Amino acid sequence: MNARMPLTIVTGFLGSGKTTIVREFLRRPGFQNTAVIINEFGEIGINHDLIESSREDLISLSTGCLCCAMQGDLANTVRRLMAVAASGEAPGFDRILLETSGMADPAPILQTAIVDSYLSEMLEIANVVVTVDALNGPAVMQNYDEARRQVALGDRVLITKSDLDAGAGEAAALAVRAYRPDVVLGKSVNGDIAPELLFEPVGDRTAWPPRLSEPHGQPHVHAAEVTTVSLRVNAPLHAVTLTLFLQALAENYGPDLLRVKGIVAIRESPESPAVVHGVQHVFHPIAWLDQWPSDDRSSRLVLIGRRLDVAWLHLMLRIIEEEVESASRF
Ligand SMILES: Nc1nc2c(ncn2[C@@H]2O[C@H](COP(=O)(O)OP(=O)(O)OP(=O)(O)O)[C@@H](O)[C@H]2O)c(=O)[nH]1
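Residues numbered from 1 in each chain as written. Predicted model: local features only at pLDDT ≥ 70, side-chain atom pairs only at ≥ 80, totals over all residues. Heavy atoms only, no water.

Draft legend 1. Structural detail: the side chain of Lys 18. With respect to the secondary-structure elements, Lys 18 resides in helix α1 (residues 18-27). Nearest to the buried, unbridged Lys 18 among oppositely charged side chains is Glu 99, at 5.0 Å. At 3.1 Å, the side chain of Lys 18 forms a polar contact with the backbone oxygen of Phe 13. Setting aside residues no more than four positions away along its own chain, Lys 18 makes contact with Val 10, Thr 11, Gly 12, Phe 13, Glu 99, Thr 100, Ser 101, Gly 102 and Thr 131. (Helix = DSSP H or I, 4+ residues; strand = E, 2+ residues; numbered from the N terminus. Buried < 20%, exposed > 50% of the residue type's maximum accessible area, 1.4 Å probe, protein only. Lys, Arg positive; Asp, Glu negative; His and termini not counted. Salt bridge = Lys/Arg side-chain N within 4 Å of Asp/Glu carboxyl O. Polar contact = N/O pair within 3.5 Å; in protein donor to acceptor, adjacent residues only side chain to side chain. Contact = heavy atoms within 4.5 Å.)

Pasting the structure below:
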């Protein structure tokens, strides 16, 4: 049997910058031979559309929670990727990057990779890289067990978004240090990191079993009451509808809204969909894709938070669009 293939797990709380890092990594020359497994929380996957790759065959998506019910899915996904490589239909790959969902506990995923006979034969865990958002990382570590467990299991923690507030970046680094004095700390600004940071092993893997010693026989329960809602709208929306809808979300849900992300068809720019990212109270500037990533031209929004009411959300979006539409006729 050949050397095992390195697997790096990129984890971190909702919206902390995981996809941004993976996307930038795949853009670097020499790193396209990387198979990517993306696991998202929510029925509609968005991240896949936000990662451009010349090697679409190497991107694999799973929605639902890999760390709970879908552990068998990891072995199946790796098998599928290996089969494509072995078939010779496409060039192979020499490493695997797994992006977990923002609510994932990485422990069961690691445990599966170590214990599953197929996975342990094929893969060697190179690194667990954790993203911590400078703006809200300390608060989520305080409030969410998932965020603490991600940091607890990381080999390397990257503080993201310190470009938005350098002081917050330092505070986030201190909070991580206080919790994990031994961890290797770095930072990522808009995903611009030395690619080696992802695959260069940091720690001694044999020192790991004690950190994985908690029982994981039962699927763990995600943070109380956090649910996910997916909205899909077929007709393009006015640009101002999107702005007003995001404002309405922030006003109505406040701290109960943990994450909004989506691809939105805008009437004024039919060929360039808008990409929306909200992370708790921070709404990142809307970005525009040069083109639609697939034939699916519907708007897709995923919201994660507490008290989310799908009927209210659909109604609110419809009412705003109707009002904007009638105002635009004058
Ligand atoms: N200013 C700034 N924005 C960033 C940085 N990293 C990520 N972002 C923005 O943060 C938002 C969320 O980033 P993602 O990479 O989608 O976060 P994620 O962790 O993959 O999100 P989930 O998959 O939903 O958990 C996007 O608008 C990014 O452009 C950074 O270093 N600086």
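Having seen the structure, we can now continue with the description.
Draft legend 2. Main features of the site of the ligand. Around the ligand there are 21 residues in total, and Lys 18, Thr 19, Thr 20, Asn 190 and Arg 259 lie nearest to it. Between the ligand and the protein, one listed contact pairs an oxygen atom with a backbone N or O atom of Ser 188 at 3.3 Å. Asn 190 is positioned such that a nitrogen or oxygen atom in its backbone is 2.6 Å from an oxygen atom of the ligand. Only α1 and β9 (257-264) provide two or more residues apiece to the shell around the ligand. The residue makeup of the shell around the ligand, split by class, is 4 nonpolar, 11 polar and 6 charged. Each of two domains, domain 1 (5-212) and domain 2 (227-328), supplies a minimum of three residues to the shell around the ligand. (Near = heavy atom within 4 Å. Nonpolar A, V, L, I, M, F, W, Y, C, P; charged D, E, K, R; others polar. Domains from an automatic or database assignment.)

Draft legend 3. Quick peek at the environment of Ile 114. Within the element layout of this structure, Ile 114 appears in helix α4 (residues 106-115). On a C-alpha basis, the gap between Ile 114 and Ile 125 in space is 8.2 Å, while along the polypeptide they are 11 residues apart.

Draft legend 4. Representation of the nonpolar core within the structure. Grouped together as the largest cluster of nonpolar side chains are 55 residues, with contacts concentrated most on Val 78, Ile 96 and Leu 123. Domain assignment of the residues forming this core places at least three in each of domain 1 (5-212) and domain 2 (227-328). (Core = buried A, V, L, I, M, F, W, Y, C linked by side-chain atoms within 4.5 Å.)

Draft legend 5. Fine view of the domain arrangement of the chain. Segmentation of the chain into domains returns domain 1 (5-212) and domain 2 (227-328). With 19 residues of domain 1 in contact, the opposing surface of domain 2 contributes 21 residues. Of the roughly 1800 Å² buried between domain 1 and domain 2 on both sides combined, carbon and sulfur atoms contribute 66%. Our count for the contact surface shared by domain 1 and domain 2 stands at 0 salt bridges. Across the contact surface, domain 1 and domain 2 share 2 residue pairs in polar contact (both at pLDDT 80 or more). Tallying contributions element by element places helix α2 (residues 47-50) first for the side of domain 1 that touches domain 2, with 3 residues. For the side of domain 1 that touches domain 2, the per-class residue count stands at 10 nonpolar, 4 polar and 5 charged. (Buried area = accessible area lost by both parts, 1.4 Å probe.)

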